[in-house]
Amino acid sequence: MHPAILTLSIINLLVSEVACHGWIKQLKLDGATYVVFPEVKVPDWTAPAINITRQIGYDGPVLDVLSNDITCNARAVPLNDNGVSRTGTITAGSNLQIYWGGWPHSGPILTYMARCDPDCGSFTGSTGNVWFKIDEYGYKNGWATQQLDTQKYWWNVTVPQCIPDGEYLIRHEIMAMSECKTLGKCQFYPSCTQVKVVGGGSVSPGSSDLVAFPGAYGKTDKGILWDTNTQDARDYVTPGPRVWECPS
Ligand SMILES: *[C@@H]1O[C@H](CO)[C@@H](O)[C@H](O)[C@H]1NC(C)=O
Ligand SMILES: *[C@@H]1O[C@H](CO)[C@@H](O)[C@H](O)[C@H]1NC(C)=O
Ligand SMILES: [Cu+2]
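Quick notes on the rules
- Residues numbered from 1 in each chain as written.
- Chains lettered and ligands numbered in written order.
- Predicted model: local features only at pLDDT ≥ 70, side-chain atom pairs only at ≥ 80, totals over all residues.
- Heavy atoms only, no water.
- UniProt positions renumbered as here; feature names shortened; annotations may be inferred.
- pLDDT = per-residue confidence, 0-100.
- Contact = heavy atoms within 4.5 Å.
- Salt bridge = Lys/Arg side-chain N within 4 Å of Asp/Glu carboxyl O.
- Buried < 20%, exposed > 50% of the residue type's maximum accessible area, 1.4 Å probe, protein only.
- Near = heavy atom within 4 Å.
- Areas by Shrake-Rupley, 256 points an atom, 1.4 Å probe, with all protein chains shown as cover.
- Nonpolar A, V, L, I, M, F, W, Y, C, P; charged D, E, K, R; others polar.
- Helix = DSSP H or I, 4+ residues; strand = E, 2+ residues; numbered from the N terminus.
- Disulfide = S-S within 2.5 Å.

As recorded by an unreviewed UniProt entry, the protein chain carries the name lytic cellulose monooxygenase (C4-dehydrogenating) and is attributed to Periconia digitata. Database annotation for the protein chain, UniProt heading Sequence similarities (unreviewed entry): "Belongs to the polysaccharide monooxygenase AA9 family." Regarding the protein chain, the relevant UniProt record gives this comment under Catalytic activity (unreviewed entry): "[(1->4)-beta-D-glucosyl]n+m + reduced acceptor + O2 = 4-dehydro-beta-D-glucosyl-[(1->4)-beta-D-glucosyl]n-1 + [(1->4)-beta-D-glucosyl]m + acceptor + H2O."

Next comes the structure, spelled out in structure tokens:
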């Protein structure tokens, strides 16, 4: 092969590798549709967030579970307009509908919430035990991402009915398992959306159900250091705390 052609095909390979990941395109809550990143081939990752989901660094994964990027992804900043927190209203007990628009990898899907203090426009979520898990799907006859594919890349998460009204950050994440066998190479694709819960109750998770990001995940956790070639997916346990549920 001519060296120039060889170089070109290597560049093509690298580009397609970079473009192989994914990001949330749209959200629906309480009947409103919010844009996350435009459905173009390569969005401008440095452009400010459009609606209520914070920026992400690029479409690739976060690898370091101990870095602040694990909270809401690289480049995520609290969203406010002239000092007023920007949120989308969602009724407690209803579904947050998340549209990924496509997804190339296999792994679990997890969702957490944190009460924003004092409001989401000035809350990073990276300090203290503030997060509780509201939803998880690991492996059930297939990875969560296969279910995502079946659902045409839409994923529903129910906001707990009983939590107090107010502003919360919702951290939604897909993990890609293919490289998790190598320490520090497991892939995380988190992003955070600022919401205002209405119609809720008066029950908050107790301190034993609250975790920190970074902090909730460790490099050698069972669900993170995982070899898809040698381990049985049916034994897979998602990382982080148990899912918190409203008392029945
Ligand atoms: C999303 O942002 C655009 C641009 O600022 C705005 O026009 C639109 O109303 C926002 N969408 C919602 C549902 O608030
Ligand atoms: C998600 O929830 C909405 C409204 O609650 C419902 O119409 C839709 O069918 C659900 N989608 C999936 C994939 O479960
Ligand atoms: Cu990828």
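S.K.: Let's hear about the confidence of the model for the protein chain: which residues, and what values?
M.R.: Averaged over every residue, the pLDDT of the protein chain is 92; residues scoring 70 or more account for 92%. In this model residues 1–19 is a low-confidence stretch, pLDDT under 50, and it forms four contacts with partners more than four residues away in sequence or in other chains.

S.K.: Pulling in residues and values, what's your account of the pattern of salt bridges?
M.R.: If you walk through the whole model with that rule in mind, you get five salt bridges. Residue Lys-133 is joined to Glu-136 by a salt bridge in which the shortest nitrogen-to-oxygen separation is 2.7 Å. Among the residues examined, Lys-133 registers a relative accessible area of 0% and is labelled buried. As a salt-bridge pair, Arg-234 and Asp-232 come within 2.8 Å of each other at their nearest N and O atoms.

S.K.: Explain the site of ligand 1 to me, and be specific about the residues and the numbers.
M.R.: Lining the immediate surroundings of ligand 1 are Thr-33, Tyr-34, Ile-50 and Asn-51. Within the complex, 37% of the 360 Å² of free accessible area of ligand 1 lies under protein. Residue composition of the shell around ligand 1, grouped by class: two nonpolar, two polar and no charged.

S.K.: Describe the UniProt feature "domain: Auxiliary Activity family 9 catalytic" (unreviewed entry) in the protein chain, and please don't skip the residues or the numbers.
M.R.: The positions UniProt marks with the feature "domain: Auxiliary Activity family 9 catalytic" (unreviewed entry) are residues 21–232. Secondary structure content for residues 21–232 is 5% helix and 30% strand, and the end C-alpha separation is 25 Å.

S.K.: I'd like a rundown of the state of the cysteines, residues and numbers included.
M.R.: What the rule picks out here adds up to four disulfides. Linked covalently through their sulfurs, Cys-72 and Cys-192 form a disulfide whose S-S length is 2.0 Å. Disulfide Cys-72 to Cys-192: torsion about the S-S bond roughly -85°, handedness left-handed. Of this pair, Cys-72 sits in helix H2 (residues 69–72) while Cys-192 sits in strand E11 (residues 187–198); the two residues are 120 residues apart in sequence, bridging distant segments of the chain. When sorted by exposure, Cys-72 lands in the same class as Cys-192, which is buried. Two residues, Cys-116 and Cys-120, share a disulfide whose sulfurs are 2.0 Å apart. The disulfide joining Cys-116 to Cys-120 has a torsion of about 85° about its S-S bond and is therefore right-handed.

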